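Spelled out from the first residue to the last, the chains are:
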Amino acid sequence: MTVNQERPNEHLAKEIVKRVMSVELCHADTHGGVDYLSPDGSVAVEVTAVTEGRRNGVRDALRRSVTKGVKDVELQSCWGVMVDDLQDDMKTFIQRVQPALATLESAGETYFVDQPAHVHVLQNGELSAAYRPLLEAGVIRAGSVPHKVNPDDPGHSHRINVSLVSGGSVTDSNDAVARLLTSLKEKPDNAKKLAESGADSRHLFVWVDGNTSGSITRTLTGNAPEYVTGWGAPSIDPMLDEAITHLWVVHQGTRRGWLWNGETWRELSDL
Ligand SMILES: [Zn+2]
C-alpha cells in the first residue's frame, strides 16, 4: 500500500486552520483517510480545491454533447450561444438547447437574453416554452448567425457554437458560495472521509485560485476598498452535507477567505 505524502496546499491549509482555530493537527491521510486530525481525534480537516479541473470537465461534457448531436431537429441558421463555464449537465446541453432554438426560429426570433427571458417566463409569455429550456440549460445569450452556405461545403448543417464564459452573472458572496457548493458535489469523497473520521468538528477546507471560475472568486479578489465596503462574507446558511460542520473557502492568491462555523460566517484576511 502506498503512503500518501502531505502536499504543499494541504500543509498551508493545515497551518491556517491551526492558527485560526488554535488547534494542533497531525497529518492523518497516510492511507486514504481524512487529511488531518487533532491529537485527541475531535477535529478533522479535509483539504480540497475548486480550480481549472472543473472547467475542463465542463468542456469535456460539452464535447460529448456536440459529438452526439441532435437527430430530428434541424436549424435554419447557425447560432452562437454563451453559457457559464461552470454550468452543470453539459453532457446533454446541445440536446436540450437545439430544439429550443429551432422553436425560436419558427417563431421568427433571432436572439435570446437571459434576464428579459426570465421575466417573460414569469409572465407566462408566448415564447416561454422555448425560453424555459434555454434558461434551465444556463444559456446567458444566444443569437442566430445568418451566413451563406459555403459552396465548398454544400452539405453544411447549421450548428450551435458554444462559448463558455467565466463568471456569468454572480451577484454576491451568497451566489458565489452556492456555485462553489455545486462544484463540490462532484467530490463526494470529501464528505465521506470526514464522516468516517469520527471527529466532532469536521472541517472542509476549500482552496480557490486564479483558475477558479470568476463567478466564485470575484468576491475574494476585488481590491481592498471594494472588498471592505462591497462584498463581505456570505450571509445565508450553506446547504452542507451533514458530515461537514465547518467550511473554509480561501483564495490561494489573495489569502482572503470565509469561514462557516456551523452557525455564522466570518471573513478571514491576511491568512
Ligand atoms: Zn450554418
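In the block above lies the structure referred to throughout.
Everything quoted here is computed from the prediction, not taken from an experiment.

Q: Outline the overall build of the chain, supporting the account with residue identities and numerical values.
A: Helix and strand counts for the chain stand at nine helices and 11 strands. Sequence separation of 24 or more characterises 73% of the internal contacts of the chain that already satisfy a separation of 6 or more.

Q: Before we move on, can you summarise the sheet that holds strand 7 (residues 160–165) with the specific residues and values?
A: Ordered in space as 5-6-4-7, the four strands form an open sheet in which the pairing is mixed. Looking at strand neighbours, the two that pair on one side only are strand 5 (111–113) and strand 7, the edges of this open sheet. Here the strands of the sheet are splayed against their neighbours by 15° on average, with no regard to which way each runs. The pairing of strand 5 with strand 6 (residues 139–145) spans three bridges and is antiparallel. Residue pairing across strands places F112 opposite A142, the latter belonging to strand 6. Contacts from helix 3 (residues 93–106) reach strand 4 (78–84), strand 5, strand 6 and strand 7, with the element oriented near 120° to strand 7.

Q: Outline unusual backbone geometry, listing residues and values.
A: Trans peptide bonds make up most of the peptide bonds, and negative phi angles are found at most residues other than glycine. The phi torsion at S22 lies on the positive side, around 50°, for a residue other than glycine. Of note, S22 is situated in the loop between helix 1 (8–21) and strand 1 (26–27). With 7 C-beta atoms counted inside 10 Å, the residue S22 sits in the exposed group. You will see that D89, though not glycine, has its phi angle at about 60°, which is positive. Checked against the element boundaries, D89 lands in the loop between strand 4 and helix 3. Look at D89 and you get partly exposed, because 13 C-beta atoms sit within 10 Å.

Q: Tell me about helix 5 (residues 128–136), and name the residues and values.
A: Every buried residue of helix 5 is accounted for by A130, Y131 and L134. All buried residues of helix 5 project into a common sector of 95° when viewed along the axis, lining one side. Tucked into the core, helix 5 has its buried residues touching helix 3, strand 5, helix 4 (114–122) and strand 6. At the exit of helix 5 stands G138, carrying a positive phi of roughly 85°.

Q: Account for the pairing of strand 6, with residues named and values stated.
A: When strand 4 meets strand 6, the two strands line up antiparallel, connected through six bridges. Bridging across to strand 6, V83 finds its partner in V139.

Q: Break down the packing of helix 3 against helix 5 for me, with residues and values.
A: Two numbers describe how helix 3 lies on helix 5: the axes approach to 9 Å, and their chain directions differ by 150°. Considering the angle they form, helix 3 stands roughly antiparallel to helix 5. Between helix 3 and helix 5 lies a crossing whose hand is left-handed. Between helix 3, through R96, V97, A100, T103 and L104, and helix 5, the contact on the second element is made entirely by A129, A130, P133 and L134. Class assignment for the residues of the contact of helix 3 with helix 5 results in seven nonpolar, one polar and one charged.

Q: I'd like to hear about the nonpolar core, residue by residue, with values.
A: Considering soluble globular proteins, one finds that nonpolar side chains tend to be buried as a cluster. Membership of the largest hydrophobic core comes to 34 residues, with the highest contact counts inside it found for L37, A44, V45, F205, V206, W248 and V249. Mapped by element, the contributors of at least two residues to this core are helix 1, strand 2 (36–37), strand 3 (43–50), helix 6 (173–184), strand 8 (201–208), strand 9 (246–251) and strand 10 (257–260). Considering every element that reaches this core, the biggest residue donor is strand 3, with six residues. Residues contacting V206, with those up to four places away along its chain left out, are T48, A49, V50, L180, L184, W248 and V249.

Q: Please set out the pairing of strand 10 residue by residue, giving values where relevant.
A: Of the two faces of strand 10, the one carrying G257 and L259 and the one carrying W258 and W260 are both buried. Relative to strand 10, strand 9 runs antiparallel, the two being bridged by four bridges. Bridging across to strand 10, L247 finds its partner in W260. Between the antiparallel neighbours strand 9 and strand 10 lie five residues, among them R255 with a positive phi of about 55°. The sheet contact formed by strand 10 and strand 11 (residues 265–268) spans four bridges and is antiparallel. Across the sheet, residue W258 finds its bridge partner in strand 11, namely E267. Hairpin connection between strand 10 and strand 11: a loop of four residues separates the two successive antiparallel strands, and G262 in this loop has a positive phi of roughly 100°.

Q: An account of helix 1 is needed here, citing residue identities and associated values.
A: If you check helix 1, its first and last C-alpha atoms are 20 Å apart, about what 14 residues at 1.5 Å a residue would give, namely 20 Å. Among the residues of helix 1, E10, A13, I16 and V17 are the ones counted as buried. All buried residues of helix 1 project into a common sector of 125° when viewed along the axis, lining one side. In helix 1, the exposed positions that point more than 90 degrees away from the buried face belong to P8, E15 and R19. Elements in contact with the buried residues of helix 1: strand 3, strand 8 and strand 9. The first or second residue beyond helix 1 is S22, which carries a positive phi of 50°.

Thresholds applied
Residues numbered from 1 in each chain as written. Predicted model: local features only at pLDDT ≥ 70, side-chain atom pairs only at ≥ 80, totals over all residues. Helix = DSSP H or I, 4+ residues; strand = E, 2+ residues; numbered from the N terminus. Contact = placed C-beta atoms within 7 Å. Pairing = 2+ DSSP bridges. Axes fitted to C-alpha atoms, helices over the stretch in contact; angles between N-to-C directions. Buried ≥ 20, exposed ≤ 12 C-beta atoms within 10 Å, placed from the backbone. Arc of directions from axis to C-beta. Parallel < 35°, antiparallel > 145°, perpendicular 65-115°, else oblique. Left-handed = near helix turned anticlockwise from the far one by under 90°. Nonpolar A, V, L, I, M, F, W, Y, C, P; charged D, E, K, R; others polar. Core = buried A, V, L, I, M, F, W, Y, C linked by C-beta atoms within 7 Å. Expected span 1.5 Å × (residues − 1).

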